[in-house]
Amino acid sequence: MVSLELRELGASYGGREVLSGISTPRLEGGQVVSLLGPNGAGKSTLFRRIFGILKGAGEVRVEGAQSARPIAYMPQDDGTRPALSVYEAVLLARMQGRRLQVSVEDHSEVDRVIELLDMGPLRGRPVGDLSGGQRQIVSVAQALVQRPQIVLMDEPTSALDLSRQIGLQTLMRGLAREQGLLVMIAQHDLGHALRFTDACLVIAEGGLAACGPTGEVITPELLRDIFEVEARVECCSKGIPQLMVDRHARHS
Ligand SMILES: Nc1ncnc2c1ncn2[C@@H]1O[C@H](COP(=O)(O)OP(=O)(O)O)[C@@H](O)[C@H]1O
Ligand SMILES: [Mg+2]
């Protein structure tokens, strides 16, 4: 099983330190981990640092990797060229880091992922013509088509309708359980985090504010101190934990 551990990780931009001293226990495959924190806390930066496109202090330890590229990263803003069709965009992501010699297996992987994400009707459309939510699903496909063992997803549901939000969270949880993937999702929806993710990392003020099972970490105190809302977690009549927000912690 793959695992990821962060040791004293730091990151800076042009000499300005944004993150420091981020250490985690070993995060095992088979689970979904939320990355939480206010705007500008450093969630995207942490993903870039883990993925290796941003250098910095500390160490990212991956164990149990079955390939040279076990991690896939879905950035918050996709940089896909708008003229590419959905199929081409996903195929190009599949070929990342490899010689551009496309095999039958590569084509069938693209087909599989397009099918998995219900994108069949979009496959020939230029990416630039799609809605924001449709493009976001293309970015998910670009990550999954690489058959990663660890997937870093930066706000993957921020532009999706409710059905697709729930669908994607459910799908990723299923992939984690069935294929042993470690899925990390940066997101602002704490309700989704509570409902769909096993553990969470909370970052604030350049460091790790909390780390542990999601239901234990998201408390009224943390919601007030880090997210500045007076809120509680209550189980609904179906036993699903729900976030109830009473008010802003400072503005009434
Ligand atoms: N490319 C960049 N160059 C300089 N500063 C950046 C860059 N990207 C992000 N930052 C800064 O780093 C901090 C963390 O940003 P980010 O990781 O994007 O936060 P989050 O994803 O949690 O909203 C912010 O203060 C932001 O302004
Ligand atoms: Mg971000």
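Numbers given for residues are sequential positions, taken from 1 along each chain in its written order. Think of it this way: whatever chain is written first is A, whatever ligand is written first is 1, and the rest follow in order. In keeping with the model being predicted, local features are shown solely for residues with a pLDDT of at least 70 and side-chain atom pairs are shown and tallied solely at 80 or more, while totals for entire chains, interfaces and linings include all residues. Excluded from the side-chain calculation are hydrogens and water; included are all heavy atoms of the structure.

Looking at the packing of helix α2 (residues 86-94) against helix α3 (residues 104-116)
Under the convention used in this document: Working convention: axes come from line fits to C-alpha atoms, limited for helices to the stretch in contact. Angles between N-to-C directions cover 0 to 180 degrees. Runs of H or I in DSSP of at least four residues are treated as helices and runs of E of at least two as strands, each being numbered from the N terminus. Put simply, angles under 35 degrees are roughly parallel, angles over 145 are roughly antiparallel, angles from 65 to 115 are roughly perpendicular, and the rest are oblique. It is the rotation of the near helix from the far one that decides the hand of a crossing: anticlockwise by less than a right angle makes it left-handed, clockwise makes it right-handed. Two residues form a contact once any of their heavy atoms are found within 4.5 Å. By the convention adopted, Pro, Cys, Tyr, Trp, Phe, Met, Ile, Leu, Val and Ala count as nonpolar, Lys, Arg, Asp and Glu as charged, and the other residues, Gly among them, as polar.
Two numbers describe how α2 lies on α3: the axes approach to 10 Å, and their chain directions differ by 120°. It follows from the interaxial angle that α2 and α3 lie oblique. Helix-helix and strand crossings are classified by hand; for α2 and α3 the assignment is right-handed. Contacts between α2 and α3 involve Tyr87, Val90, Leu91 and Arg94 from the former and Glu105, Asp106, His107, Glu109, Val110, Asp111 and Ile114 from the latter. For the contact of α2 with α3, the per-class residue count stands at 5 nonpolar, 1 polar and 5 charged.

Some points on the UniProt feature "domain: ABC transporter" (unreviewed entry) in the chain
Rule in force here: UniProt positions are given in the numbering used here, feature names are shortened, and annotations may be inferred rather than shown by experiment.
Under the UniProt annotation, the feature "domain: ABC transporter" (unreviewed entry) is placed at residues 4-230. Across residues 4-230, helical content stands at 35% and strand content at 25%; the span's end C-alpha atoms are separated by 33 Å.

Regarding the environment of alanine 89
Residue position: alanine 89 is located in helix α2. Expressed as a C-alpha distance, the spacing of alanine 89 and cysteine 236, which sit 147 residues apart in the sequence, is 41 Å. Sequence-distant contacts of alanine 89, that is, excluding residues within four places in its chain, are made with Thr80, Leu84, Val127, Val138 and Gln142.

Observations concerning the coordination of the magnesium ion (ligand 2)
Stated precisely, the cut-off is as follows: The donor definition counts N, O and S atoms within 2.8 Å of each metal and applies 3.2 Å to Na, K and Ca; water is not among these atoms, so some sites may look incomplete. Throughout, exposure labels follow a simple rule: accessible area from a 1.4 Å probe, protein chains only, divided by the maximum for the residue type, with under 20% read as buried, over 50% as exposed, and the rest as partly exposed.
For the magnesium ion (ligand 2), the full set of protein donor atoms is Ser44 (OG) and Gln76 (OE1), and the range of their distances to it is 2.1 to 2.3 Å. Here glutamine 76 lies in the loop between β7 (71-74) and α2 and serine 44 lies in helix α1 (residues 43-51), a separation of 32 residues in the sequence. Under the relative-accessibility criterion, glutamine 76 is labelled partly exposed at 38%.

Let's talk about the side chain of serine 34
Stated formally: As used in this structure description, the phrase polar contact means that two N or O atoms lie within 3.5 Å; if the pair is within protein, one of them must be able to donate a hydrogen and the other to accept it, and residues adjacent in sequence are counted only when both atoms belong to side chains.
Its place among the elements puts serine 34 in strand β5 (residues 32-36). Serine 34 sits in the buried class, given a relative accessible area of 0%. One polar contact links serine 34 to threonine 197, side chain to side chain, over a distance of 2.9 Å. If we ignore the near neighbours within four places in the chain, the residues touching serine 34 are Ile185, Gln187, Ala193, Thr197, Ala199, Cys200 and Leu201.

Here's the deal with unusual backbone geometry
The phi torsion at glutamate 155 lies on the positive side, around 50°, for a residue other than glycine. Position of glutamate 155 among the secondary structure elements: in the loop between β8 (150-154) and α5 (162-179). In the Ramachandran plot, glutamate 205 falls in the positive-phi region, its phi being about 50° despite a non-glycine side chain. Among the residues examined, glutamate 205 registers a relative accessible area of 84% and is labelled exposed.

What to know about the site of ligand 1
So the rule is basically this: Any residue with a non-hydrogen atom lying within 4 Å of a molecule or strand is treated as near it. Methods summary: accessible areas were calculated by the Shrake-Rupley approach with a probe of 1.4 Å, and residue burial reflects only the protein chains presented.
Near ligand 1, the surroundings consist of Tyr13, Arg16, Val18, Pro38, Asn39, Gly40, Ala41, Gly42, Lys43, Ser44, Thr45 and Arg48. Glycine 42 has a polar backbone atom sitting 2.9 Å from an oxygen atom of ligand 1. Contact distances for ligand 1 include 2.8 Å between an oxygen atom and a backbone N or O atom of lysine 43. Within the complex, the protein chains bury 61% of what would otherwise be the 560 Å² of accessible surface of ligand 1. Among the elements of the structure, β3 (16-22) and α1 are those that each provide at least two residues to the shell around ligand 1. Examining the composition of the shell around ligand 1, we find that 4 residues originate from one element, α1, more than from any other. Across the shell around ligand 1, the residue classes tally to 4 nonpolar, 5 polar and 3 charged.

Things to note about the packing of α2 against helix α4 (residues 132-144)
Relative to each other, α2 and α4 sit at 35°, their axes nearing to 8 Å. The crossing of α2 and α4 is right-handed. Side by side, α2 and α4 meet where Val86, Ala89, Val90 and Ala93 of the first sit next to Val138, Ala141 and Gln142 of the second. For the contact of α2 with α4, the residue count by class is 6 nonpolar, 1 polar and no charged.

A closer look at a nonpolar patch on the surface
Spelled out, the test is: The patch calculation keeps residues exceeding 30% relative accessible area without a salt bridge and links them within 9 Å when they carry like charges or within 5 Å when they are nonpolar (Val, Leu, Ile, Met, Phe, Trp, Tyr). We define a salt bridge as a side-chain nitrogen of Lys or Arg found within 4 Å of a carboxyl oxygen belonging to Asp or Glu.
A cluster of nonpolar side chains, namely Leu92, Leu100 and Val102, defines an oily patch on the protein surface of about 270 Å² accessible area. As for its position among the elements, valine 102 is in the loop between α2 and α3.

With respect to α3
Short version of the rule: Here the expected length of a helix is defined as 1.5 Å per residue gap, with one fewer gap than residues. Think of the arc as the fan of directions from the helix axis to the C-beta atoms.
For α3, which comprises 13 residues, the first-to-last C-alpha distance of 18 Å matches the rise-based estimate of 18 Å (1.5 Å per residue) to within 8%. Burial in α3 covers these residues: Asp106, Glu109, Val110, Val113 and Ile114. In an axial view of α3, the angular spread of the buried residues amounts to 130°, which keeps them on one side of the axis. Set apart from the buried face of α3 by more than 90 degrees, the exposed residues are Val104, Glu105 and Glu115. Buried positions along α3 lie against α2 and α4. One or two residues past the end of α3 sits aspartate 118, with phi positive at roughly 55°.

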